[in-house]
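# Chains, contacts and geometry: an overview
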Amino acid sequence: MHKSLAMRHGFKGIVAGLMMLAAPVAAHHGWSWAEGDQVRLDGLIEDVSMNPPHPSLRVRAADGTVWFVELGNPGRTARSGFDGDTASIGDAVTVIGNRDRDPAEAHMKAVRIVIDGRNYDMYPERIQAD
């Protein structure tokens, strides 16, 4: 019979295992995973999620690529004026932000999103050009 993880490794083993599971999530907090230069993404919203740790959008670009766009943390997103009723599936959106350093990833962190001509600034202090 196999002993449970707790019996084989004790509490420290469980904590270490949970930390390993959390590592991919923690890796995307902050900005070190993103390029320094900002890019512009124009597309149509396919999904809006207001779930923590970061509200997000899925945006289909003209070339068909679906981008995962992280917004600010829930507090920053709310302060920008963006909430769950701001955007709907099918809305045109412009995202200004920093894309993933891995060019194979269609993933970016928004500093500003624009919907119907209105700016929602998630990180106004990070906007490089206006």
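Here's a quick rundown of the structure. Along each chain, numbering runs from 1 in the same order as the chain's sequence is written. It should be noted that, the model being predicted, local features are given only for residues of pLDDT at least 70 and side-chain atom pairs only at 80 or more, the latter also being counted only at that level, while totals for whole chains, interfaces and linings use all residues. Only heavy atoms go into the side-chain values, all of them from the structure, while hydrogens and water stay out.

### Focus: the pairing of strand 1 (residues 39-49)
The condition is simple: In short, DSSP must find at least two bridges between two strands for them to pair. We count a stretch as a helix when DSSP gives it H or I for four or more residues in a row; a strand needs E for two or more, and each element gets its number in order from the N terminus.
Examined bridge by bridge, strand 1 and strand 4 (residues 92-99) share six bridges and lie antiparallel to one another. If you follow L41 over to strand 4, its bridge partner there is V95. In this structure, strand 1 lies alongside strand 2 (residues 56-61), joined through six bridges in antiparallel fashion. By the bridge assignment, S49 is partnered in strand 2 with S56. Once strand 1 ends, the chain turns through six residues before running back antiparallel as strand 2.

### Overview of the environment of T94
Using the following cut-off: Residue exposure (1.4 Å probe, protein chains only): buried if accessible area is under 20% of the type maximum, exposed if over 50%, otherwise partly exposed. The contact rule is simple, with two residues in contact once any of their heavy atoms fall within 4.5 Å. Whenever a nitrogen or oxygen atom comes within 3.5 Å of another N or O atom, the pair is scored as a polar contact, on the condition that within protein one atom can donate a hydrogen and the other can accept it, and that pairs from neighbouring residues in sequence are kept only if both atoms are in side chains.
The residue T94 is located in strand 4 in this model. A residue is classified by how much of its surface remains accessible, and T94, at 15% relative accessible area, is buried. With 16 residues separating them along the chain, T94 and A110 place their C-alpha atoms 9.8 Å apart. In contact with T94, not counting residues within four places along its chain, are R40, L41, D42, R112, I113 and V114. A polar contact is formed between the side chain of T94 and the side chain of D42, at a distance of 2.6 Å.

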